[in-house]
Amino acid sequence: SDLERRLYIMDELLKFLEKNPVFYLATDDDGQPRVRPFGFHMIFDSKFYMVTALPKKVCKQMEKNPKIEFCTMAPDTKFIRVNGEVVFDNDNMEAKKKVFEVMPDLLKMYKSADNPIMSVFYLKDMHATIASLTEKERVLF
């Protein structure tokens with residue numbers, strides 16, 4: 001099925017991110033690109049989730065223009081590029097609780113899923129490619 005295929009491909013992305021855990025997320029700040037490192041990600045409800053804090057500039061930029069892109073590169077020069085549209089899911093307590101299962105250290109920052117500054121979001125219309133300096137780009141999804 002389409003969902004099974006998507007989850008299989010999502011698994012390829014997750015394995016790549018496990019080996020190369022820091023990825024660089026780009027947003028638009030009134031026409032000026034802004035890039036920053038991110039480390040947290042999870043699959044929840046068949047969607048690719050990330051987390052940030054509502055007061056951060058990155059959050060305000062994504063609210064204004066929800067189109068983002070991120071990439072990371074492995075030492076062997078393979079790299080993944082992912083883009084999509086941010087969908088904030090801040091009322092989803094199950095997703096917020098899952099964040100702490102995936103990365104317990106975030107409890108130090110947010111204390112609980114009830115923390116009003118904690119923002120979870122997922123990507124819709126997600127597209128991903130994998131390539132390297134020596135190999136042709138391959139579309140994952």
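(A) Inspection of helix 3 (residues 93-102) at higher detail. Buried within helix 3 we find Ala95, Lys96, Val99 and Phe100. Each buried residue of helix 3 sits inside an arc of 150° when the element is viewed along its axis, so together they form one side. On its buried face, helix 3 sits against strand 3 (42-44), strand 4 (47-53), helix 4 (106-110) and strand 7 (118-131). For helix 3, the capping residue at the N-terminal end is Asn92, with a side-chain oxygen 3.2 Å from the backbone nitrogen of Glu94.

(B) Summary view of unusual backbone geometry. For Thr77, which is not a glycine, the phi torsion comes out positive at approximately 80°. Position of Thr77 relative to the elements: it lies in the loop between strand 5 (67-73) and strand 6 (79-88). Unlike most non-glycine residues, Asp125 shows phi in positive territory, near 50°. With respect to the element layout, Asp125 can be found in strand 7.

(C) Local environment of the pattern of salt bridges. The tally for this structure, following the rule as stated, stands at 10 salt bridges. Notably, a salt bridge pairs Arg81 with Glu137, separated by 3.7 Å at the nearest N-O pair. Of the two residues, Arg81 sits in strand 6 while Glu137 sits in the loop between strand 7 and strand 8 (138-139), which places them 56 residues apart along the sequence. Taking the relative accessible area as the measure of exposure, Arg81 reaches 33% and is therefore partly exposed. Through salt bridges that share partners, Glu69, Arg81 and Glu137 make up one connected network.

(D) Local environment of the nonpolar core. With 26 residues, the main nonpolar core has Leu13, Phe48, Met50, Phe70 and Leu123 as its most contacted residues. Of all elements in the fold, only helix 1 (2-19), strand 1 (23-29), strand 4, helix 2 (57-64), strand 5, strand 6 and strand 7 reach the threshold of two or more residues within this core. Here this core takes six residues from helix 1, the largest share from any one element. For Leu123, the residues in contact, after removing those within four places along its chain, are Phe48, Met50, Ile68, Phe70, Val82, Gly84, Glu85 and Val86. Membership of the second largest hydrophobic core comes to 15 residues, among which are Phe40, Val51, Ala53 and Val99.

(E) Structural context of the environment of Phe100. Within the secondary structure, Phe100 sits in helix 3. For Phe100, a relative accessible area of 10% puts it in the buried group. With 12 residues separating them in the primary sequence, Phe100 and Ser112 have C-alpha atoms 8.4 Å apart. Excluding residues within four positions of it along the chain, Phe100 makes contact with Leu106, Leu107, Tyr110, Ser112, Ala113 and Met118.

Reading guide: rules and limits
- Residues numbered from 1 in each chain as written.
- Predicted model: local features only at pLDDT ≥ 70, side-chain atom pairs only at ≥ 80, totals over all residues.
- Heavy atoms only, no water.
- Buried < 20%, exposed > 50% of the residue type's maximum accessible area, 1.4 Å probe, protein only.
- Helix = DSSP H or I, 4+ residues; strand = E, 2+ residues; numbered from the N terminus.
- Arc of directions from axis to C-beta.
- Contact = heavy atoms within 4.5 Å.
- Polar contact = N/O pair within 3.5 Å; in protein donor to acceptor, adjacent residues only side chain to side chain.
- Salt bridge = Lys/Arg side-chain N within 4 Å of Asp/Glu carboxyl O.
- Core = buried A, V, L, I, M, F, W, Y, C linked by side-chain atoms within 4.5 Å.

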